[in-house]
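# Tertiary structure, described
So the chains spell out like this:
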Amino acid sequence: MTFFGIEFDRRTALLTGALALTIAAMIGFHLVRNQRIADVLAIIDITGSMNTRDMGNPRGSQDRLESAKTALVNLMQDLPCDSRLGLGVFTERISYLLFDPAEICANYDALEGAISDLDWRMAWAGDSYIALGLYSGIDIAQSLKSDLLFLTDGHEAPPLPFTGVPDFDGKPGAVKGLIVGVGGTEKTPIPKFDDEGRQAGVYSETDVPQDNRIGAPPPDAETREGYNPRNAPFGAMSATGDEQLSSVKTGHLEDLARRTGLQYAELQHVNSLAPRLLSATEPRLVPVDTNMSHVPALAALLLLLALYAFSLFETVRFPNLRHLLKFGFTSHPKGALVYGN
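First things first, this report covers the structure right here in the doc. The residue count restarts for each chain, going from 1 along the sequence in the order it is written. Under the rules for a predicted model, residues below a pLDDT of 70 receive no local features and side-chain atom pairs below 80 are neither given nor counted, while totals for whole chains, interfaces and linings still include all residues. The side-chain numbers reported here are obtained from all heavy atoms of the structure, hydrogens and water having been left aside.

### Digging into the side chain of Thr47
Helix numbering and strand numbering both begin at the N terminus, where a helix is a DSSP run of H or I of at least 4 residues and a strand a DSSP run of E of at least 2. Looking at the element boundaries, Thr47 is found in the loop between β4 (39–45) and α2 (64–78). Of note is the side chain of Thr47, whose polar atom sits 2.6 Å from the side chain of Asp45. Between N or O atoms, a polar contact is any pair within 3.5 Å; within protein, one atom must be a potential hydrogen donor and the other a potential acceptor, and residues adjacent in sequence are included only when both atoms are from side chains.

Set out below in structure tokens:
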């Protein structure tokens, strides 16, 4: 084929195509597309039961708090750039904001360092009113116009009163997000620490409240031994139970998710929180300018490889192969294969 007085054979066409694609790659080829991102406030439970060692692989090699922090760092690695992450902690009955959501890629080292430094010693009280802490976290996330990721084992301390879960005053679903249950399903002793932060055994039955004696007594209080409406409205006998043992409270956390319009996931059953978080939140899309110069560059490389392959095939380095392809195979009467014209 002749074009502008130039004879274009197969080699010339391949070289011309590779040159044109190389120039296109050098100039640059950009594509603008919508990218799904996350804008989330993560709140981690740092109360005493989160020190229980029933996570990791093998099971029991990691405590719940460490497992929650690892899951949060992995979440940052799984989310696309332009996603934002804020951090807070929960203890006693409120959630406390440490910092507003920040872009994860530009601030990755700082975010990872802040997550890694979270410690149970940061708790300012020993109680653990999970429901109230969740409601507090929802209020903070709503003020930031962010989604919520609340990581907890769901262990209420003291236990819920006979009246059950406190009412949620907010609008269910106004804040989207995910409650993550952290912990194993088998009841495990909770570690106890001394004033120096060293483990000093585990909690016993008498170390923790076995029932909730705040507020009005239950309807059956009058039948309890030692009942006195003024001096002993809950009875005179100490409550018994197994609150010194802890497991992830799946039923309680699922109930809280229904009340607040959030979704629930159990950390030990998910490989990554990112898909569950994105499915539990409203899509947040941002335009992303993506450099696609690698596409024409790769195409140019393939054309050059094709040119080299054709040149290699047509050289005298494979004379027998060229000669063989000019002949057809025939069958010898005695079964041998021969070739000829």
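### Some thoughts on the environment of Glu66
With respect to the element layout, Glu66 can be found in helix α2. When the C-alpha positions of Glu66 and Leu118 are compared, they lie 8.9 Å apart, and in sequence the two are 52 residues distant.

### What to know about the packing of aromatic side chains
In this scheme Phe, Tyr and Trp rings, the latter by its six-membered ring, pair at centre separations within 6.5 Å, and the angle between planes marks the pair as stacked below 30 degrees, edge-to-face above 60, and tilted otherwise. All told, the structure shown has 4 aromatic pairs when counted by the stated rule. Relative to Phe150, the ring of Phe90 has its centre 5.9 Å away and its plane inclined at 50°; by these criteria the two rings are tilted. Taken as a pair, Phe90 in strand β5 (residues 84–91) and Phe150 in strand β7 (residues 147–152) lie far apart in primary sequence, 60 residues in all. Throughout this description, buried means an accessible area under 20% of the type-specific maximum (1.4 Å probe, protein chains only), exposed means over 50%, and partly exposed covers the range between. For Phe90, a relative accessible area of 0% translates into the label buried. Taking relative accessible area as the criterion, Phe150 reaches 1% and is therefore assigned buried. Aromatic pair Tyr96 and Trp124: ring centres 6.2 Å apart, planes at 70°, arrangement edge-to-face. Highlighted residues: Tyr96 in strand β6 (residues 94–103) and Trp124 in the loop between α3 (108–116) and α4 (130–144), separated in sequence by 28 residues. Its relative accessible area of 48% is what places Tyr96 among the partly exposed residues. A relative accessible area of 42% means that Trp124 is categorised as partly exposed. A ring is scored as having a charge over it whenever the NZ atom of a lysine or the CZ atom of an arginine sits within 6 Å of its centre and within 35 degrees of its normal. For Arg93, the ring lying beneath its charged end belongs to Tyr129, and the centroid distance is 4.3 Å.

### A look at the environment of Asp289
One can find Asp289 in strand β14 (residues 284–291). Overall, the relative accessible area of 52% leaves Asp289 in the exposed class. Between the alpha carbons of Asp289 and Asn34 there is a distance of 8.9 Å; along the sequence they are 255 residues apart. Two residues form a contact once any of their heavy atoms are found within 4.5 Å. Dropping the residues within four chain positions of it, Asp289 is found in contact with His30, Leu31 and Val32.

### Examining the layout of surface pockets
Estimates place the volume of the largest pocket at around 530 Å³. Only protein atoms enter the 1 Å grid used here, on which a cavity is any set of points holding a 1.4 Å probe that cannot leave and a pocket is any open set flanked by protein within 12 Å on both sides along at least five of seven lines; residues with an atom within 4 Å of a point are listed as lining. The wall of the largest pocket is formed by 30 residues, among which Thr47, Gly48, Ser49, Gly126 and Tyr203 lie closest to the centre. Across the lining of the largest pocket, the residue classes break down as 13 nonpolar, 9 polar and 8 charged. As a volume, the second largest pocket reaches approximately 170 Å³. Take the lining of the second largest pocket: its biggest share by element is 6 residues, from α2. Grid points are joined across faces, edges and corners, and a volume is the space filled by probe spheres set on the points. Classification convention: Asp, Glu, Lys, Arg as charged; Ala, Val, Leu, Ile, Met, Phe, Trp, Tyr, Cys, Pro as nonpolar; all other residues, Gly among them, as polar.

### What about the packing of α2 against α3?
Convention adopted: a line fitted to C-alpha atoms gives each axis, helices being fitted over their contacting stretch, and angles between N-to-C directions are expressed from 0 to 180 degrees. It is at 9 Å that the axes of α2 and α3 come closest, and there the two elements cross at 165°. One finds that α2 runs roughly antiparallel with respect to α3. Crossing handedness for the pair α2 and α3: right-handed. Touching Lys69, Leu72, Val73, Met76 and Gln77 of α2 are Tyr108, Leu111, Glu112, Ile115 and Ser116, all from α3. Residues that form the contact of α2 with α3 fall into these classes: 6 nonpolar, 2 polar and 2 charged. In what follows, roughly perpendicular refers to angles from 65 to 115 degrees, roughly parallel to angles under 35, roughly antiparallel to angles over 145, and oblique to any angle outside these ranges. Each helix crossing is assigned a hand: it is left-handed if the near helix lies turned anticlockwise from the far helix by less than a right angle, otherwise right-handed if that turn is clockwise.

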